[in-house]
Structure formats: structure tokens, C-alpha cells
Amino acid sequence: MTEVIQEYRPATLDEVKDLYRQAKARFEKEEIRQHPHVPAGLTNSTSEEVYAELLKILER
Amino acid sequence: MDNDKIVTAGQKRLFEFLDEELVKNDLQSKQIKENVARCFHSSLQKATNHHIQHVRELKLTEGSREVYKTVSWHVWFLAQSLHELYGCAIAGCAVRAGLSTLNEFLRIEAPNDACLDQATLRLVETLILNELEPMEDHGIAKNGIYIAFKAAKAMKSAKDFTPQPLQSSNH
């Protein structure tokens, strides 16, 4: 488990990248815990409009 | 789309709203800020772990990471850890900050500048705090927060909606 950041600020892009990298590595070799009900073709997505706003948030 | 940028910006906006809530409620002591910081980052870690498990277990195809999910889950874990330390006063700040973040994203993409009204936001906040108290039979948690905004985003005019039989989600 990574050491938790103690500073009063949001995480940086590099810190977020690290969290995902570590989480992927951690769970990669684990058995799937459960098989939940899930509709066919379920995807994740953020819309183009919201993505454009997110990029503005990152830049300010 | 850059998935890490989606998550980074989502939690940055959440942090900004959280800071505003803490100022508004005069919760600015050094100790509170230290604990909020620790809870904020450990909750992001928990939300990240949950995201990876979620994608694996639901066998999800990630077109892009979904900011409603990442923020909803982060808010839930944050409210949970702050509630353990301080009860509802500061957990409520986290919940309101999360709902403001999600509602802002909703307003950007919903037709006609639509978003959830104050009464509905207040209801969602109350349901989350009930879950923390714990009064789970009157509450919602991380997936409840997500689906409130996902459903609002997916609303269509009845004129544009062609009813189709629902597919079973059973394997």
C-alpha cells in the first residue's frame, strides 16, 4: 500500500497515475471476487463536453 | 481521452468545493485540515482500488474513465472516513462538495442547462448521511450517488424514447 499524502491539496496527475498503476498491479493476479449482474455492452465513458471542462479545471 | 486527467480534474474540483464548504462552516483549524487531507487522499486510493475491481468484475469496456463514478466513489469513501472522525458536521461538507461537483458536470452536458435542483440535492445528501449514521434502510451509498447523476444525465424526452423490452442482466 502506498503512503498516503498528508498535504492539504488535491492529488497531482502523476500521483493519480501512480495510484492506478499500483491498484492494477495489486489486483492483476487476484482471483475475481464475484460475478455481479451486469447488462451486456456496459461501458464507462465521460462525454466530450465534460472532458473539455475537466481539461480547463486541470489548467487553472 | 486521457483517463488520468479525468480523475485528476474530477478530484481537483471536488477538493475546491470541499475547501469552500470548510471555509463557509468555519472548519479551518490546522488539525481539521490535516485530517481532511489524510482522509481525502486515502479515499482517493480506496476509490481507485474499487474502480480497478469494478472494471475487472463487471468486465467493463472502458471507453474512457467515467467521472461520475470516480467522484461519487471518492466522495463516499471520504464522507465515511470523515464521519468516523467527526460525525456528520464535516462528513456533510464532503457530501455537499461532492454533490456540487457532480451537479456542475451534469449541468455542462444535460440539455437546456438542466441539473438537479436544491431540494433533490438536499434529499440525496440526507440519504447519504443516513447511510453513514448508520440508518441504512433510509440511505444510499457510493453506487446510489453515482446512479442519481447517471440517471439524470440519461433522461430523455418521452417523444425521443422508443420503448424496448428490458434485457435480463442475469448470466
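Given the structure is predicted, the values throughout are model-derived calculations rather than measurements. (Residues numbered from 1 in each chain as written. Chains lettered and ligands numbered in written order. Predicted model: local features only at pLDDT ≥ 70, side-chain atom pairs only at ≥ 80, totals over all residues.)

J.: Please set out the overall build of chain B residue by residue, giving values where relevant.
T.: For chain B, the helix and strand inventory stands at six helices and one strand. Counting from the amino terminus, helix and strand elements in chain B follow one another as α-α-β-α-α-α-α. Relative to its length of 171 residues, chain B is compact, with a C-alpha radius of gyration of 17 Å against a globular reference of 16 Å. Dimensions of chain B along its principal axes, counting C-alpha atoms only, are 55 × 35 × 35 Å. For chain B, the proportion of its 171 residues judged to be buried stands at 39%. A sequence separation of at least 24 residues applies to 70% of the contacts in chain B between residues at least 6 apart. (Helix = DSSP H or I, 4+ residues; strand = E, 2+ residues; numbered from the N terminus. Rg over C-alpha atoms; globule rule 2.2 N^0.38 Å. Buried ≥ 20, exposed ≤ 12 C-beta atoms within 10 Å, placed from the backbone. Contact = placed C-beta atoms within 7 Å.)

J.: Explain the overall build of chain A residue by residue, including any values.
T.: Along the backbone of chain A there are two helices and one strand. Starting at the N terminus, the α and β elements of chain A follow one another as α-β-α. The globule rule puts the C-alpha radius of gyration for 60 residues at 10 Å, and the 16 Å found for chain A is more than 25% above it. When its C-alpha atoms are laid out on the principal axes, chain A stretches across 40 × 35 × 15 Å. For chain A, the residues scored as buried account for 17% of the 60 residues in total.

J.: Tell me about the interface of chain B and chain A, and please be specific about residues and values.
T.: Buried accessible area, meaning the area lost when the parts come together, often serves as the stated size of an interface. The interface of chain B with chain A comprises 44 residues on the first partner and 39 residues on the second. The leading source of residues in the side of chain B that touches chain A is helix 2 (residues 30-57) of chain B, at 15 residues. Taken together, the residues of the side of chain B that touches chain A sort by class into 14 nonpolar, 16 polar and 14 charged. (Nonpolar A, V, L, I, M, F, W, Y, C, P; charged D, E, K, R; others polar.)

J.: Explain the nonpolar core residue by residue, including any values.
T.: Residues and elements named next belong to chain B. Leu18, Val75, Leu78, Ala79, Leu82 and Ala94 are the most contacted members of the largest nonpolar core, which has 45 residues in total. Of the residues forming this core, the biggest block, ten residues, is contributed by helix 3 (residues 67-86). Excluding its chain neighbours within four sequence positions, the residues that come into contact with Leu18 are Cys93, Ala94 and Ala97. (Core = buried A, V, L, I, M, F, W, Y, C linked by C-beta atoms within 7 Å.)

J.: Account for the confidence of the model for chain B, naming residues and giving values.
T.: Summing up the model confidence of chain B, the mean pLDDT is 92 and the portion of residues at 70 or higher is 91%. We note a pTM of 0.91 for the whole complex and an ipTM of 0.88 for its interfaces. (pLDDT = per-residue confidence, 0-100.)

J.: A description of the environment of Leu129(B) should follow, citing residues and the corresponding values.
T.: Of note, Leu129(B) is situated in helix 5 (residues 118-132). Along the chain, Leu129(B) and Ala141(B) lie twelve residues apart, while their C-alpha atoms are 9.0 Å from each other.

J.: Please provide a residue-by-residue account of the packing of helix 2 (residues 48-59) of chain A against helix 4 (residues 88-109) of chain B, values included.
T.: It is at 8 Å that the axes of helix 2 of chain A and helix 4 of chain B come closest, and there the two elements cross at 125 degrees. Our classification of the angle between helix 2 of chain A and helix 4 of chain B gives oblique. Remark: the crossing between helix 2 of chain A and helix 4 of chain B carries right-handed chirality. Between helix 2 of chain A and helix 4 of chain B, the contacting residues are Glu49(A), Val50(A) and Glu53(A) on the first element and Phe105(B), Ile108(B) and Glu109(B) on the second. Residues of the contact of helix 2 of chain A with helix 4 of chain B, tallied by class, amount to three nonpolar, no polar and three charged. (Axes fitted to C-alpha atoms, helices over the stretch in contact; angles between N-to-C directions. Parallel < 35°, antiparallel > 145°, perpendicular 65-115°, else oblique. Left-handed = near helix turned anticlockwise from the far one by under 90°.)

J.: Describe unusual backbone geometry, naming the residues involved and giving the relevant values.
T.: Residues and elements named next belong to chain B. Here the bond from Glu133 into Pro134 is cis, since omega is 5 degrees, no more than 30 degrees from zero. Relative to the assigned elements, Pro134 resides in the loop between helix 5 and helix 6 (142-154). A positive phi angle, close to 55 degrees, is found at Asp26, a residue other than glycine. On the secondary structure map, Asp26 appears in the loop between helix 1 (3-24) and helix 2. Here Lys59, not a glycine, exhibits a phi torsion of approximately 50 degrees, which is positive. Its location among the elements puts Lys59 in the loop between helix 2 and strand 1 (61-62). On the neighbour-count criterion, Lys59 (11 C-beta atoms within 10 Å) is exposed.

J.: Explain helix 2 of chain B to me, using residue names and the numbers behind them.
T.: An ideal rise of 1.5 Å per residue puts 40 Å on 28 residues; helix 2 of chain B measures up with 40 Å between its terminal C-alpha atoms. When we look at burial in helix 2 of chain B, the residues that qualify are Val36(B), Cys39(B), Phe40(B), His41(B), Ser43(B), Leu44(B), Gln45(B), Ala47(B), Thr48(B), Asn49(B) and His51(B). Contacts from the buried residues of helix 2 of chain B go to helix 1 (13-28) of chain A together with helix 1 and helix 3 of chain B. Two residues or fewer after helix 2 of chain B comes Lys59(B), characterised by a positive phi angle close to 50 degrees. (Expected span 1.5 Å × (residues − 1).)

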